[in-house]
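# A look at the structure
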Amino acid sequence: MGFTCGIVGLPNVGKSTLFNALTATQAAQAANYPFTTIEPNVGKVGVPDPRLDKLVHLAKSQKAVPTQLSFVDIAGLVKGASKGEGLGNQFLGNIREVDAIVHVVRCFEDGNVVHVAGRVDPVADSETIETELMLADLESLEKRRGHTEKMAKGGDKDAKAVVPVLNKVLAVLQAGKPASTAQLTDDERPLLNTLGLLTAKPVLYVCNVSESEAATGNEYTRQMEAKAEAEHRAVVVISAALEAEVAQLTDETERREYLNSLGLSETGLARVIRAGYALLGLITFFTAGPKEARAWTIPKGFRAPQAAGQIHSDMERGFIRAEVIAYDDYVATGGETQARAAGKLRSEGKEYVMADGDTVLFKFAV
């Protein structure tokens, strides 16, 4: 199961620098967090998780395999993109394919880097992109409404269910608000995903600052933090230029010392990756043995057979039970054998809902 975050923003805000730093970091740390290039502008990055390193030690595994996210460097958007201006059609087409949006905004002053609007105003920049996405969604739904209503009148059950959702979303878009703000029932919310709307996707704001402000932020980042809080969205402050420099340091001790000298306990990229992971509503479960300790990605709410299916479809089809040890119990007792002896291993059936950090051995037969 793949999950993809699209990196978007106006031109010259630091999108490609961020993407390049992500990929460089993963290449530099290939032993722990492998990076794979799928296309020139798509990369898979390992999700930093210190729990995995602990499991490698306790299970005496030969290697660690982290769970991964895909990041896509999407072409810069300009005002009028919803009407095809600039690379608008390409931009909108690419963003429809991602699961979440990492929205990079410029929060630094630099006379050598031209701003498309001639001034630094991250809130206005973010609103420019959101407006273009809303206009594209509005056009899409207005085209779709007539056909859907006609099918509903003809007795199509699916169309009947979609019509009220479509109308609620149209109302918020017409009011200048994103599709994600529509007040939908629990039954209606899954139908929102079938509409393929840009503004229904979860958003993470990434404030790109100068190197000297990476640890403290600035007035621009505080404006974005206020905006994000009002919108119930997350925000991460980083210096993409600094991250690119850190990514070139292959010695872990040197990297840590350099970050500490700047008042940082970890890279901003690690926070971006984790925030993107949380944004998608994902959790991690682990498998651990002599050959490898591996982290696996699943959406919150997955039951044990569905989780087994992420490893291999045969495991889901022939699921018998899951032998589960909570991560804290695994570590506290010193490993699987000790956890089993201490009565910390649970045998769970098909209805078990996976918890973040579960260390699991699936039993199956096909």
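Owing to the predicted nature of the structure, the values given are computational and were not obtained by experimental measurement.

Rules used in this analysis
Residues numbered from 1 in each chain as written. Predicted model: local features only at pLDDT ≥ 70, side-chain atom pairs only at ≥ 80, totals over all residues. Heavy atoms only, no water. Helix = DSSP H or I, 4+ residues; strand = E, 2+ residues; numbered from the N terminus. Core = buried A, V, L, I, M, F, W, Y, C linked by side-chain atoms within 4.5 Å. Buried < 20%, exposed > 50% of the residue type's maximum accessible area, 1.4 Å probe, protein only. Contact = heavy atoms within 4.5 Å. Salt bridge = Lys/Arg side-chain N within 4 Å of Asp/Glu carboxyl O. Phe/Tyr/Trp six-rings, centres within 6.5 Å; stacked < 30°, edge-to-face > 60°. Lys NZ or Arg CZ within 6 Å of the ring centre and 35° of its normal. Axes fitted to C-alpha atoms, helices over the stretch in contact; angles between N-to-C directions. Parallel < 35°, antiparallel > 145°, perpendicular 65-115°, else oblique. Nonpolar A, V, L, I, M, F, W, Y, C, P; charged D, E, K, R; others polar. Expected span 1.5 Å × (residues − 1). Bend = angle between axes of the 7 residues up to and from the residue. Polar contact = N/O pair within 3.5 Å; in protein donor to acceptor, adjacent residues only side chain to side chain. Pairing = 2+ DSSP bridges. pLDDT = per-residue confidence, 0-100.

## Digging into the environment of glycine 93
- Checked against the element boundaries, glycine 93 lands in helix α3 (residues 88–96).
- In sequence terms glycine 93 and isoleucine 74 are 19 residues apart; their C-alpha atoms lie 9.9 Å from each other.

## Details of the nonpolar core
- In this structure, Ile7, Leu18, Leu69, Phe71, Ile95 and Val206 are the most contacted members of the largest nonpolar core, which totals 52 residues.
- Sequence-distant contacts of isoleucine 7, defined by excluding residues within four places in its chain, comprise Lys15, Leu18, Phe19, Leu22, Phe71, Val72, Asp73, Ile74, Val102 and Val104.

## Some details on the pattern of salt bridges
- Overall, the coordinates contain 18 salt bridges when judged by the stated rule.
- Here lysine 227 makes a salt bridge to glutamate 231, at a shortest N to O gap of 2.7 Å.
- Here lysine 227 falls in the buried class, since its relative accessible area comes to 12%.
- Using a relative accessible area of 27% as the deciding quantity, one classes glutamate 231 as partly exposed.
- Note that glutamate 266 is salt-bridged to arginine 274, the shortest N-O span being 2.6 Å.
- With relative accessibility at 25%, the residue glutamate 266 sits in the partly exposed group.
- Bridged by salt links that share partners, the residues Glu130, Lys227, Glu231 and Arg233 form one connected network.

## Remarks on the packing of aromatic side chains
- This structure, assessed with the given rule, holds 4 aromatic pairs.
- Their ring planes at 90° and their centres at 5.9 Å tell us that phenylalanine 285 and phenylalanine 362 sit as a pair that is edge-to-face. Placement of phenylalanine 285 in strand β9 (residues 282–288) and of phenylalanine 362 in strand β13 (residues 359–364) is noted, with a sequence separation of 77 residues between them.
- Taking the relative accessible area as the measure of exposure, phenylalanine 285 reaches 0% and is therefore buried.
- A relative accessible area of 6% means that phenylalanine 362 is categorised as buried.
- Here the aromatic rings of phenylalanine 286 and tyrosine 327 are separated by 6.3 Å at their centres, their planes lie at 45°, and the arrangement is tilted. Of this pair, phenylalanine 286 sits in strand β9 while tyrosine 327 sits in helix α13 (residues 327–333), and the two are 41 residues apart along the sequence.
- Judged by its relative accessible area of 0%, phenylalanine 286 falls in the buried class.
- When its relative accessible area of 16% is taken as the criterion, tyrosine 327 is described as buried.
- In textbook terms, an aromatic cluster arises when at least three aromatic residues are bridged by ring pairs, as seen for Phe285, Trp296, Phe319 and Phe362.
- The residue whose ring lies beneath arginine 51 is tyrosine 327, and the NZ or CZ to ring-centre distance is 5.9 Å.

## Topic: the packing of helix α4 (residues 122–153) against helix α7 (residues 219–230)
- Between α4 and α7, the least distance of the axes is 9 Å, while the angle of their chain directions is 45°. It follows from the interaxial angle that α4 and α7 lie oblique. Contacts between α4 and α7 pair Pro122, Val123, Ser126 and Glu127 from the former with Tyr220, Gln223, Met224 and Lys227 from the latter.
- Residues of the contact of α4 with α7, tallied by class, amount to 4 nonpolar, 2 polar and 2 charged.

## Re helix α5 (residues 157–174)
- Between its first and last C-alpha atoms α5 spans 26 Å; for 18 residues at 1.5 Å apiece the expected length is 26 Å, and the two agree.
- Along α5, the helix axis deviates most sharply at valine 163, where the bend reaches about 25°; the proline proline 164 sits within four residues downstream.
- Looking at the buried residues of α5, the elements they touch are α4 and α6 (189–192).
- Capping the start of α5 is the job of one residue whose side-chain oxygen sits 3.0 Å from the backbone nitrogen of aspartate 158: aspartate 156.
- One or two steps after α5, the chain reaches glycine 176, where phi turns positive at roughly 80°.

## With respect to the pairing of strand β5 (residues 68–73)
- By the criterion of burial, β5 is predominantly enclosed, with 5 of the 6 residues buried.
- Relative to β5, strand β1 (residues 4–8) runs parallel, the two sharing 4 bridges. Across the sheet, cysteine 5 pairs through a bridge with phenylalanine 71, a residue of β5.
- Where strand β3 (residues 42–46) meets β5, 5 bridges bridge the pair, whose relative direction is antiparallel. Its bridge partner being in β5, glycine 46 is matched across the sheet by glutamine 68.

## Some words on the side chain of threonine 67
- Counting through the fold element by element, threonine 67 comes out in the loop between β4 (63–65) and β5.
- A relative accessible area of 7% places threonine 67 in the buried class.
- Those residues in contact with threonine 67 that lie beyond four places of it in its chain are Val45, Gly46, Val47, Tyr277, Thr284, Ala295, Trp296 and Thr297.

## Observations regarding the confidence of the model for the protein
- Mean pLDDT over the protein: 86, with 88% of residues reaching 70 or higher.
- Throughout residues 26–40 the model reports pLDDT below 50, and contacts reaching past four residues in sequence, or to other chains, amount to 36 contacts.

## Concerning the environment of alanine 228
- Mapping alanine 228 onto the fold places it in helix α7.
- Residue classification places alanine 228 among the buried residues on the basis of a relative accessible area of 1%.
- The spacing of alanine 228 and valine 123 is 105 residues in sequence and 9.9 Å in space, taken between C-alpha atoms.
- Setting aside its immediate chain neighbours within four residues, alanine 228 contacts Tyr205, Arg233, Ala234 and Val235.

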